[in-house]
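Okay, here's what each chain looks like letter by letter:
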Amino acid sequence: MTDFTPLASAIGGSLIGLAALLFMDLDGRIMGVSGIVSRLLPPGEARQWTRDLAFVLGLFAVAFGAHALFGSVPGQTVTGNLPLALIAGFLTGFGAVLGSGCTSGHGVCGLARLSRRSFAATGMFMGVAMLTVFVMRHVVN
Amino acid sequence: MIALAAFVAGLVFGLGLIVSGMSNPAKVLNFLDISGHRDPSLAFVLGPAVLIAGLGFAGLRRRAKPLLASSFAWPQKTEIDSRLLLGAAIFGLGWGLVGFCPGPAVLSLGLAAQNLVWPAETLAPAAITLGFVAAMLVGMALARRLAPQKS
């Protein structure tokens, strides 16, 4: 069980929207994490690479500052095991690059642009993810 | 300058992931679980995120260029092709298996590292997070290699 936190989630969502806006306002690019992370892999272009690395370092900085900021490291519960994590990680990375985006690029930025492609992609990955959770939780287990 | 800007965007984004609860895979899976005892909190994340980004983007469309680059790189493609749908389906499968998407997974690498400083049972086991991110990078590299983007 996790607690129902609509207010915190809405505030967090606003920050995510703000970050996407900031990225577009400053550099004119879509803030898509799968794009940002995959562009760090070679071959890369220097200016992009610096920007994308800085974004990832910002994410790490939040993680490392979380204890000071929130008084404790934010709780996480992960189900599964290492083999499952390896399979899931591979599919997540492969699918996100093949489909030109993930939750941030299609889900936030794409819907915000009213992109047809992003509506289709978001509907697809949300639907498949829901089906996957249903099968894993209620059919397999 | 661009590095500082991207760093700040990363900070704000990461803060949003933690505050919203997106960084906790259990919360993500409870949201995705359509069959009861679910936690619908994350339904409240996308709305404000899309609203703020959408209103902001609409304003930016009237500007000639962004503050730190020569032009806006708005995506140009409009066609819904099989590559898009297949990729999204594979991504959804991976996301649903563990509850990590790329942003929270990368953030969790930082969180996992803190287990060394503040051992906490509430954190994801570092091996799972590390394994997920490593495999994600392999998947990304392979997709880039097998199916390079034309545009």
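In this text, all values refer to a predicted model and were calculated from it rather than measured experimentally.

Trainee: Before we move on, could you go through the overall build of chain A and cite the residues and values that matter?
Mentor: Secondary structure summary: chain A contains 6 helices and 0 strands in total. In sequence order, the secondary structure elements of chain A are arranged as α-α-α-α-α-α. With the C-alpha coordinates aligned to their principal axes, the bounding extent of chain A is approximately 45 × 40 × 30 Å. The buried share of chain A, taken over its 141 residues, is 57%. Of the contacts formed within chain A by residues at least 6 apart in sequence, a portion of 34% connects residues at least 24 apart. Between the mean site of the 8 positive side-chain charges and the mean site of the 5 negative ones, chain A shows a separation of 10 Å.

Trainee: Can you explain a nonpolar patch on the surface? Please cite residues and give values.
Mentor: On the surface, L131, F134, V135, V139 and V140 of chain A together with I34 of chain B cluster together into a nonpolar patch covering about 540 Å² of accessible area. Relative to the helices and strands, V140 of chain A resides in helix 6 (residues 116-140). What makes V140 of chain A exposed here is its relative accessible area of 55%.

Trainee: Summarise helix 5 (residues 103-112) of chain A; cite the residues concerned and give the values.
Mentor: Every α-helix carries 3.6 residues per turn, so stepping three or four residues along brings you back to the same face. Among the 10 residues of helix 5 of chain A, 10 are classified as buried, and the element is accordingly described as predominantly covered. The set of residues buried in helix 5 of chain A consists of T103, S104, G105, H106, G107, V108, C109, G110, L111 and A112 of chain A. Check the buried side of helix 5 of chain A and you find it contacts helix 1 (6-27), helix 2 (33-38) and helix 6 of chain A together with helix 1 (2-20), helix 3 (43-60) and helix 4 (82-98) of chain B. Immediately beyond the C-terminal end of helix 5 of chain A, within one or two residues, lies L114 of chain A, with a positive phi of roughly 60°.

Trainee: I'd like to hear about the interface of chain A and chain B, residue by residue, with values.
Mentor: In this assembly, 109 residues from chain A lie in contact with 113 residues from chain B. Taken together, the two surfaces of chain A and chain B that pack against each other cover about 10100 Å², and 76% of this comes from carbon and sulfur. Per-residue buried area on chain A facing chain B is highest for Q76, L98 and R117 of chain A; these three make up 8% of the total on that side. Remark: the boundary between chain A and chain B carries 26 residue pairs in polar contact (both at pLDDT 80 or more). For the side of chain A that touches chain B, the element with the most residues is helix 1 of chain A, which contributes 21 residues. In terms of residue class, the side of chain A that touches chain B is built from 67 nonpolar, 31 polar and 11 charged.

Trainee: Please give an account of the confidence of the model for chain B that cites residues and values.
Mentor: With 91% of its residues at a pLDDT of 70 or more, chain B has an overall mean of 91. The ipTM assigned to the predicted complex is 0.95, against a pTM of 0.94.

Trainee: Go over the pattern of salt bridges with me, naming the residues and quoting the values.
Mentor: What the rule picks out here adds up to 8 salt bridges over all chains. Its salt-bridge partner being R63 of chain B, residue D25 of chain A comes within 2.7 Å of it at the nearest N-O pair. Taken together, the positions of D25 of chain A in helix 1 and R63 of chain B in the loop between helix 3 and helix 4 put the pair across two chains. Overall, the relative accessible area of 19% leaves D25 of chain A in the buried class. Of the residues examined, R63 of chain B reaches a relative accessible area of 33% and is grouped as partly exposed. Residues D27 of chain A and R47 of chain A are paired through a salt bridge, measuring 2.9 Å at the closest nitrogen-oxygen approach. Placement of D27 of chain A in helix 1 and of R47 of chain A in helix 3 (residues 46-70) is noted, with a sequence separation of 20 residues between them. With relative accessibility at 4%, the residue D27 of chain A sits in the buried group. Each of D27, R39, R47, R51 and D52 of chain A takes part in salt bridges that share partners, so that together they form one network.

Trainee: Residue-level account of the environment of S118 of chain A, with values.
Mentor: Residues and elements named next belong to chain A. Turning to its location among the elements, S118 is positioned in helix 6. On the accessibility criterion, S118 (2% relative accessible area) is buried. Considering only alpha carbons, one finds S118 and T103, 15 residues apart in sequence, at a separation of 9.7 Å. If we ignore the near neighbours within four places in the chain, the residues touching S118 are G105, H106, G110, L111 and R113.

Trainee: Could you give an account of the side chain of S108 of chain B, with specific residues and numbers?
Mentor: Turning to its location among the elements, S108 of chain B is positioned in helix 5 (residues 102-113). Accessibility expressed as a relative area gives 0% for S108 of chain B, which makes it buried. Discounting chain neighbours no more than four positions away, the residues touching S108 of chain B are Q76 of chain A together with S23, F100 and T129 of chain B.

Trainee: I'd love a proper account of the packing of aromatic side chains, names of residues and values included.
Mentor: Per the stated rule, a full pass over the model turns up 10 aromatic pairs over all chains. With 5.9 Å between their ring centres and 80° between their planes, F125 of chain A and W95 of chain B make a pair best called edge-to-face. Here W95 of chain B lies in helix 4 and F125 of chain A lies in helix 6, a pairing that spans two chains. A connected cluster of aromatic rings, assembled from ring pairs, spans F23 and F55 of chain A together with F13 of chain B. Just above the ring of W74 of chain B sits the side chain of R61 of chain B; from NZ or CZ to the centre is 4.0 Å.

Conventions we followed
Residues numbered from 1 in each chain as written. Chains lettered and ligands numbered in written order. Predicted model: local features only at pLDDT ≥ 70, side-chain atom pairs only at ≥ 80, totals over all residues. Heavy atoms only, no water. Helix = DSSP H or I, 4+ residues; strand = E, 2+ residues; numbered from the N terminus. Buried < 20%, exposed > 50% of the residue type's maximum accessible area, 1.4 Å probe, protein only. Contact = heavy atoms within 4.5 Å. Lys, Arg positive; Asp, Glu negative; His and termini not counted. Charge placed at Lys NZ, Arg CZ, Asp CG, Glu CD. Patch = residues over 30% accessible without salt bridge, like charges linked within 9 Å, V, L, I, M, F, W, Y side chains within 5 Å. Areas by Shrake-Rupley, 256 points an atom, 1.4 Å probe, with all protein chains shown as cover. Salt bridge = Lys/Arg side-chain N within 4 Å of Asp/Glu carboxyl O. Buried area = accessible area lost by both parts, 1.4 Å probe. Polar contact = N/O pair within 3.5 Å; in protein donor to acceptor, adjacent residues only side chain to side chain. Nonpolar A, V, L, I, M, F, W, Y, C, P; charged D, E, K, R; others polar. pLDDT = per-residue confidence, 0-100. Phe/Tyr/Trp six-rings, centres within 6.5 Å; stacked < 30°, edge-to-face > 60°. Lys NZ or Arg CZ within 6 Å of the ring centre and 35° of its normal.

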